[in-house]
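Here is what each chain is made of, one letter per residue.
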Amino acid sequence: QKSRHADMKSVDRAVVTRNVFAMAMKVADLIHCSRPLELHHKWVDLITKEFLQQGDLEREKGMKISPGMDRSQPPGPLQQVGFTEIFVLPLFKEWRDYARNFGSQGGQAEILCYEGVEKNYKYWLHASKSKPKPRPPSDDSPV
């Protein structure tokens, strides 16, 4: 602990503050990944719908369709697994570790968020290995 605090004294506080705020914004943007599965799934459905609409616009304009935004190849659980492994888990792990050392209450809230991300990640991992179950069509269905 002492060496970590000594290192902090030698770091430019403005740089640290900017980095912490940037990280906080990213965590806030992805906080749904830590929420109960039903709420997280609603966010994933809304984001998927938005991405597919963007892909539709790109197709209409004759542009190359961005990855994960092509309605003819709709994203699924495996895409969530990759996104979580590459972006979400590392971000929430660093946020948790930062809060443990420098946050209030030993980072208890951030620990719970990280555990929520892990729980949802396990769901997506299992879903990516399972045979897809048909979802009932609805007006607000993303696909």
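Each remark here, short or long, concerns the structure printed above.
I will try to describe carefully the structure that is included in this document. Please read these numbers as outputs of a predicted model, since none were measured by experiment. (Residues numbered from 1 in each chain as written. Predicted model: local features only at pLDDT ≥ 70, side-chain atom pairs only at ≥ 80, totals over all residues. Heavy atoms only, no water.)

**Points about the pattern of salt bridges**
Next, step 1: Overall, the coordinates contain six salt bridges when judged by the stated rule.
Next, step 2: Where Asp56 meets Arg71, a salt bridge forms, and the shortest distance between an N and an O atom there is 2.7 Å. Residue Asp56 is found in helix 3 (residues 37–60), and its partner Arg71 is found in the loop between helix 3 and helix 4 (77–102); the two are separated by 15 residues along the sequence.
Next, step 3: On the basis of relative accessible area, Arg71 is assigned to the partly exposed category, the value being 31%.
Next, step 4: Ionic pairing is found between Arg96 and Asp97, a salt bridge with its closest N-O pair at 2.9 Å. Each member of the pair Arg96 and Asp97 is classed as buried. (Salt bridge = Lys/Arg side-chain N within 4 Å of Asp/Glu carboxyl O. Helix = DSSP H or I, 4+ residues; strand = E, 2+ residues; numbered from the N terminus. Buried < 20%, exposed > 50% of the residue type's maximum accessible area, 1.4 Å probe, protein only.)

**Examining the environment of His126**
Next, step 1: Topologically, His126 is positioned in helix 5 (residues 108–129).
Next, step 2: Overall, the relative accessible area of 56% leaves His126 in the exposed class.

**Describing a nonpolar patch on the surface**
Next, step 1: A surface patch of nonpolar side chains, about 310 Å² in accessible area, is lined by Leu39, Trp43 and Leu46.
Next, step 2: The residue Leu39 is located in helix 3 in this model. (Patch = residues over 30% accessible without salt bridge, like charges linked within 9 Å, V, L, I, M, F, W, Y side chains within 5 Å. Areas by Shrake-Rupley, 256 points an atom, 1.4 Å probe, with all protein chains shown as cover.)

**A closer look at the side chain of Glu58**
Next, step 1: Looking at the element boundaries, Glu58 is found in helix 3.
Next, step 2: Despite its burial, Glu58 pairs with no opposite charge; the closest candidate is Arg59, at 8.3 Å N-O.
Next, step 3: Of the polar contacts made by the side chain of Glu58, one reaches the backbone nitrogen of Ser66; its length is 2.7 Å.
Next, step 4: Apart from residues no more than four positions distant in its own chain, Glu58 is found in contact with Met63, Lys64, Ile65 and Ser66. (Lys, Arg positive; Asp, Glu negative; His and termini not counted. Polar contact = N/O pair within 3.5 Å; in protein donor to acceptor, adjacent residues only side chain to side chain. Contact = heavy atoms within 4.5 Å.)

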